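# Observations on the model geometry
The primary structure of each chain is shown beneath.
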Amino acid sequence: MDKQQRSSLIKDFVMKMSIQEFITYAQDRQWIPTVFKCEICHNFCAQQKNKLSYIWYCKQCPKQYSILYGTYFYNSKFDIRLLSLIAIFCVSELTVHQVARLLPVSERNIYGYFHQIRQAIIASQLVQLLEGEVEIDESLFARHKYHVGRHRKTMQIWVLGLKQRDSDACRFFVVGNTRTEAVLLPLIKSCVKNQSVIYSDKWRAYFNLQSHNSYVHYTVNHSIQFVNRALMPQNILIHTQGIESTWNAAKMHFRMMRGCHKENIQEYLNYYSVLKQKHRNVEDLLDIGLNFNNYYYEDVTQDIVTNQTQ
Ligand SMILES: [Zn+2]
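Conventions we followed
- Residues numbered from 1 in each chain as written.
- Predicted model: local features only at pLDDT ≥ 70, side-chain atom pairs only at ≥ 80, totals over all residues.
- Helix = DSSP H or I, 4+ residues; strand = E, 2+ residues; numbered from the N terminus.
- Buried ≥ 20, exposed ≤ 12 C-beta atoms within 10 Å, placed from the backbone.
- Contact = placed C-beta atoms within 7 Å.
- Core = buried A, V, L, I, M, F, W, Y, C linked by C-beta atoms within 7 Å.
- Domains from an automatic or database assignment.
- pLDDT = per-residue confidence, 0-100.
- Expected span 1.5 Å × (residues − 1).

When you go through the protein residue by residue, the secondary structure sums to 11 helices and eight strands. The proportion of buried residues among the 310 residues of the protein is 31%. Counting contacts in the protein only where the partners sit at least 6 residues apart, residues at least 24 apart contribute 53% of the total.

Here you go:
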């Protein structure tokens, strides 16, 4: 069974459920909260059924909130089952075009929901700093051709890549045409823990890594050798083969996704780092992407947890 057939079975299965059934299911999966605090008086609300759906009802205000308030599903013209299907297909790596053929939703809308889900997954997963031994490298990701008057110019899209050696953790930053120290150093600092060992080529932007930050920095001269065996204290292997093979895999993934607009390369690369880092299955990714989808709720649920343990 191929992806398209499997997706159409999932669609039939989900659309057979009633919206009420699906809300219960989504609450079991924590996509919709099961407890809710009033935003005004901060009291816990009661769940109530009205004519159309469920609501949160505050006994003090008495303010009412949609049961979907603050979630990925809130304020949409599409029903919760369709929105869930879009999310499922997003984490299953279907293209926007493929989803538009399966569901009665425009490519433009699907694209917006894909973006929202990926952003939620990225934000919750890429918070940890790289540490230990980290390889860094830049790679030319794409050439973007555009016309200026009669001239055709090419804009190069360089990407800075970082990979932790003892794990699959990696980060990417689109830097466009500029690979200067002023651009690269702050990016490295933003995602690599101090005291880490950094391996790179001899690109001049990296010269001050050791002096400006508390990193230990080893370089390999690509024009002479791929593995620098001359300067090896202990068992340190000076090479950047880890990040180089990561590049190849990332570019392959990129081609499978049939490329994307240059404005979205950063998001795709961020998402790719999550997929690579966690070896997550589709179910996990779906839960991460939909668990309230909104950080407002993190505060609320943390509050509730503290209240419960008191
Ligand atoms: Zn209230």
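Now, onward.
Another aspect to go through is unusual backbone geometry. At H42, a residue that is not glycine, the phi angle is positive and equals roughly 60°. Looking at where H42 falls in the secondary structure, it is placed in the loop between helix 2 (19-28) and strand 1 (46-49). Exposure remark for H42: the 11 C-beta atoms within 10 Å place this residue in the exposed category. If you check the backbone angles, Q195 has positive phi at about 75° while not being a glycine. Note that Q195 resides in the loop between helix 6 (181-191) and strand 7 (197-201).

A few words on the environment of V91. Here V91 shows up in helix 3 (residues 80-91). Spatially, the C-alpha atoms of V91 and F114 are 8.7 Å apart, while their sequence positions differ by 23 residues. Discounting residues that sit within four places of it in the chain, V91 has contacts with V282, L285, L286 and G289.

Another point: the nonpolar core. Membership of the largest hydrophobic core comes to 69 residues, with the highest contact counts inside it found for L83, I86, A87 and L162. Looking at this core, the element that brings in the most residues is helix 3, giving 10 residues. Summarising the domain contributions, this core has at least three residues from each of domain 1 (3-125 + 283-309) and domain 2 (133-278). Excluding anything up to four places from it in sequence, I86 contacts V99, L103, V105, I110 and Y113.

What follows deals with the confidence of the model for the protein. Residues at a pLDDT of 70 or more form 81% of the protein, whose mean pLDDT is 82. The least confident element of the protein is helix 11 (residues 296-309), whose mean pLDDT is 40; the most confident is helix 3, at 95. When the criterion is pLDDT under 50, residues 295-310 qualifies, and its contacts beyond four places in sequence or with other chains add up to seven contacts.

Let us look at helix 3. Here helix 3 is 12 residues long and its end C-alpha atoms lie 17 Å apart, about the 16 Å a rise of 1.5 Å per residue gives. The element helix 3 is largely enclosed, with a buried count of 12 among its 12 residues. Every buried residue of helix 3 is accounted for by I80, R81, L82, L83, S84, L85, I86, A87, I88, F89, C90 and V91. Elements in contact with the buried residues of helix 3: helix 1 (3-16), helix 2, helix 4 (96-102), helix 5 (107-125) and helix 10 (282-290). Within two residues after helix 3, E93 carries a phi angle of roughly 65°, on the positive side.

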